[in-house]
2 protein chains.
Amino acid sequence: MSIEPVHLDEKLALFTDHWSPKTVGRMNDYEVKLVKVLGEFVWHQHDDTDELFLVLVGELTIDLPEGRSVVLGPRQVLTVPRGVQHRPRAAVETSVLLLEPTGVVNTGEAGGGLTARPQTL
Amino acid sequence: MSIEPVHLDEKLALFTDHWSPKTVGRMNDYEVKLVKVLGEFVWHQHDDTDELFLVLVGELTIDLPEGRSVVLGPRQVLTVPRGVQHRPRAAVETSVLLLEPTGVVNTGEAGGGLTARPQTL
């Protein structure tokens, strides 16, 4: 493993697409990903892992079961536990750091057209 | 597990001590910790795990083997691979997010007076 710093702002400047996470770092068997989001994602869940969201820029809403929603601004973190249905959405373009085990698919158990292929920046 | 957002700035306002990581979030068997640092830590290594540093405020230097050093500003990330000796230091007070498996000790294999007891905020 190379020991090189990763500047999140520089990585964010390298892409413009939405809902397509890019791997920018690794730690043990986890990946640090960056994603830009705008609009509404699909309801989904990850049966085998929690998922950590850290908002860098913008505002991310995560809809949860039973009509609950959590709104995250910059430097706010939320861990969605495994097996919990959730739907991310953002009214303005929002940049988010994700932490997930290597190989997690963005749409979890839901699949569908927004499923992204793995990409590394 | 409760599903509550964690505001890193609010957590950082809750403590002033240095080199004593506070657990503020969890994900699977990992902990998200915040630490404020100033001055020089001890050379140490973690034999069983990589360690991820994300600088939030300030500037963190991480000394590495063979006279190499990496300097991290805000929103820069470094993963120090397992088994690699490293020494964090900071000339100004610096706030850092750490990601580590649950139970990792801050001084790794080195131990000594700067070893911190686990704390959760």
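Below is a short write-up of the structure. (Residues numbered from 1 in each chain as written. Chains lettered and ligands numbered in written order. Predicted model: local features only at pLDDT ≥ 70, side-chain atom pairs only at ≥ 80, totals over all residues.)

Counting its regular elements, chain A contains one helix and eight strands. Reading chain A from its N end, one meets helices and strands in the order β-α-β-β-β-β-β-β-β. By its C-alpha atoms, chain A is 45 × 30 × 25 Å across when sized along the principal axes. For chain A, with 121 residues in total, the buried portion stands at 36%. Looking at chain A alone, contacts between residues at least 24 apart form 67% of all its contacts between residues at least 6 apart. (Helix = DSSP H or I, 4+ residues; strand = E, 2+ residues; numbered from the N terminus. Buried ≥ 20, exposed ≤ 12 C-beta atoms within 10 Å, placed from the backbone. Contact = placed C-beta atoms within 7 Å.)

Residue-level contacts link 27 residues of chain A with 27 residues of chain B. Elements represented by at least two residues in the side of chain A that touches chain B include exactly strand S1 (6-7), helix H1 (8-12), strand S2 (22-27), strand S6 (69-72) and strand S7 (76-80) of chain A. The element contributing the most residues to the side of chain A that touches chain B is S7(A), with five residues. By residue class, the composition of the side of chain A that touches chain B is 17 nonpolar, six polar and four charged. Relative to strand S7 (residues 76-80) of chain B, S1(A) runs antiparallel, the two being bridged by two bridges. What sits directly across from A:His7, in S7(B), is B:Gln76. (Nonpolar A, V, L, I, M, F, W, Y, C, P; charged D, E, K, R; others polar. Pairing = 2+ DSSP bridges.)

Checked against the element boundaries, B:Arg117 lands in the segment after strand S8 (87-101). For B:Arg117 and B:Ala90, which are 27 residues apart along the polypeptide, the C-alpha to C-alpha distance reads 21 Å.

Looking now at the relation of the copies chain A and chain B. Aligned on chain B, chain A shows an RMSD of 0.0 Å; the corresponding rotation is 180 degrees and the shift along the axis is 0.0 Å. Taken together, the rotation and translation relating the two chain copies correspond to the operation of a two-fold axis. Of all interface residues in chain A, 100% are interface residues in chain B too; the two copies therefore contact each other through one and the same surface. (Least-squares fit on C-alpha atoms with pLDDT ≥ 70 in both.)

Ranked by size, the top nonpolar core spans 50 residues in total, and within it A:Phe53 and B:Phe53 carry the most contacts. Sequence-distant contacts of A:Phe53, that is, excluding residues within four places in its chain, are made with A:Leu60, A:Ile62, A:Leu72, A:Val77, A:Leu78, A:Val96 and A:Leu98. (Core = buried A, V, L, I, M, F, W, Y, C linked by C-beta atoms within 7 Å.)

This part takes up the environment of B:Leu97. Residues and elements named next belong to chain B. Here Leu97 lies in strand S8. Take Leu97: there are 24 C-beta atoms within 10 Å of it, and that puts it in the buried class. Distance in space between the C-alpha atoms of Leu97 and Glu51 is 11 Å, their sequence separation being 46 residues.

Another point: the pairing of strand S4 (residues 51-57) of chain A. Residues and elements named next belong to chain A. When you tally the buried positions in S4, you get five out of seven residues, the bulk of the element. Sheet analysis places S4 next to S7, joined by four bridges and oriented antiparallel. In the sheet register, Leu54 faces S7, and the bridge partner there is Val77. Pairing geometry for S4 and strand S8 (residues 87-101), over five bridges, is antiparallel. Bridge assignment links Leu54 to a residue of S8, and that residue is Leu97.

One non-glycine residue, A:Trp19, adopts positive backbone phi at about 65 degrees. Topologically, A:Trp19 is positioned in the loop between H1 and S2. Positive phi values are uncommon outside glycine, yet B:Glu66 reaches one of about 65 degrees. Note that B:Glu66 resides in the loop between strand S5 (60-63) and strand S6 (69-72). You can call B:Glu66 exposed: it has 5 C-beta atoms within 10 Å.

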